[in-house]
Amino acid sequence: MAEDDILTLEEVAKYLRVSERTVYDCAQKGEIPAGKIRTAWRFKKSEIDKWVNDKLVSANLNPQITPVNAESIMSVHRIQFINYSSKRDALLALAENLAAAPQVKNRQELSSEILKREELMSTAIGCGIAIPHVRLSSVTDLVVSVGISKTNIVDFYPLDDEPVRLVFMIAAAHNQHAYYLQTLSWFSTRLKNKELRDSLLTAETPQKVYDLLTK
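The paragraphs below set out a description of the structure included in this document. Computed from a prediction, not measured in an experiment: that's the story for all the values here.

## Quick word on the pattern of salt bridges
Step number 1: Using the criterion set out here, one finds seven salt bridges in the structure.
Step number 2: The salt bridge partner of R107 is E96, with a shortest N-O separation of 2.7 Å. Placement of R107 in helix α6 (residues 107-120) and of E96 in helix α5 (residues 87-98) is noted, with a sequence separation of 11 residues between them.
Step number 3: The class for R107 is partly exposed, based on a relative accessible area of 40%.

Below you can see the structure in the form of structure tokens.
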């Protein structure tokens, strides 16, 4: 990939190893160097590289950013085994589970916004993983629900065409943008480990899933 290459949104997401939704959100808010050709976002690789380097330097200069604490954002009670081939059914089941968390104050808004986000762009990131996520004023603190699917969820349409089996739903407060992106990155990075993914799929209890994700 040459420095002067022009990249699509999908290529940038793959290059940065984040979800397409994350890149789209950053582009919409002007937080990543991008331009639009009609309705399509385009990115210059050299500018993306500089942006990433600047972000890394900034992170090193600002150690006060809260690290992701898996134990605080996950709970055994918010881990469930699901058995749906439709992503809508899977998302609604996880949203219902997540809405039971005390951090979520509006069950209906959570479900509605999760589905709206998914309609805009798939949150599947490849390797059988999807990370649906929203920020809402009715959420008081970041919280996660985990779904381990016993069957292939066939209509997430990931770039690698691998059916989704692992779903990590994140809901954050509206003012938690940095921690929200950091959590998305944390999950994306951890789940690159095929051994971890395989262990999650063969886990027999929510406690085992929790232990694998938090150890």
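## Topic: the nonpolar core
Step number 1: The biggest cluster of nonpolar side chains holds 27 residues, and the ones touching the most others in it are M74, V146, F168, F187 and L200.
Step number 2: Broken down by secondary-structure element, the contributors of at least two residues to this core are α4 (70-73), β8 (143-153), β9 (164-173), α7 (177-190), α8 (194-202) and α9 (206-214).
Step number 3: Sequence-distant contacts of F168, defined by excluding residues within four places in its chain, comprise I129, A130, I131, P132, S145, V146, F187, L191, L200 and L213.

## Some words on the sheet that holds strand β2 (residues 35-37)
Step number 1: Read across the open sheet, the three strands follow the order β1-β3-β2; overall the sheet is antiparallel. Only two strands of the sheet have a single partner each, and these edge strands are β1 (6-8) and β2. Taken pair by pair, the neighbouring strands of this sheet meet at an average axis angle of 45 degrees, ignoring direction.
Step number 2: Sheet topology note: the β1/strand β3 (residues 40-44) ladder contains three bridges and is antiparallel. In the strand pairing of β3, L7 is matched with F43.
Step number 3: Its contacts with the sheet place helix α1 (residues 9-16) against β1 and β3, and it is angled at close to 90 degrees to β1.
Step number 4: Its contacts with the sheet place helix α2 (residues 20-28) against β2 and β3, and it is angled at close to 90 degrees to β3.

## Examining α1
Step number 1: If you check which residues of α1 are buried, you get L9, V12 and A13. Down the axis of α1, the buried set is contained in an arc of 100 degrees. They therefore lie on one face.
Step number 2: Considering only its buried residues, α1 is in contact with β1, α2 and β3.
Step number 3: R17, located one to two residues past α1, shows a positive phi value of around 60 degrees.

## Considering the pairing of strand β7 (residues 133-136)
Step number 1: Burial along β7 is two-sided: the residues H133 and R135 and V134 and L136 are all buried.
Step number 2: As paired elements, β7 and β9 share four bridges and run parallel to each other. Bridge pairing in β9 places L136 opposite A173.

## As for the packing of aromatic side chains
Centre-to-centre distance and the angle between the planes together describe a pair of aromatic rings.
Step number 1: Applying the stated criterion across every chain, the model contains two aromatic pairs.
Step number 2: Measuring from ring centre to ring centre gives 5.1 Å for F168 and F187, while their planes differ by 40 degrees; the resulting arrangement is tilted. Of this pair, F168 sits in strand β9 while F187 sits in helix α7, and the two are 19 residues apart along the sequence.
Step number 3: Judged by centre distance (5.0 Å) and plane angle (80 degrees), the rings of W186 and F187 are edge-to-face.
Step number 4: Of the residues examined, F187 reaches a relative accessible area of 1% and is grouped as buried.
Step number 5: Taken together, the ring pairs in this structure connect F168, W186 and F187 into an aromatic cluster.

About the thresholds
- Residues numbered from 1 in each chain as written.
- Predicted model: local features only at pLDDT ≥ 70, side-chain atom pairs only at ≥ 80, totals over all residues.
- Heavy atoms only, no water.
- Salt bridge = Lys/Arg side-chain N within 4 Å of Asp/Glu carboxyl O.
- Helix = DSSP H or I, 4+ residues; strand = E, 2+ residues; numbered from the N terminus.
- Buried < 20%, exposed > 50% of the residue type's maximum accessible area, 1.4 Å probe, protein only.
- Core = buried A, V, L, I, M, F, W, Y, C linked by side-chain atoms within 4.5 Å.
- Contact = heavy atoms within 4.5 Å.
- Pairing = 2+ DSSP bridges.
- Axes fitted to C-alpha atoms, helices over the stretch in contact; angles between N-to-C directions.
- Arc of directions from axis to C-beta.
- Phe/Tyr/Trp six-rings, centres within 6.5 Å; stacked < 30°, edge-to-face > 60°.

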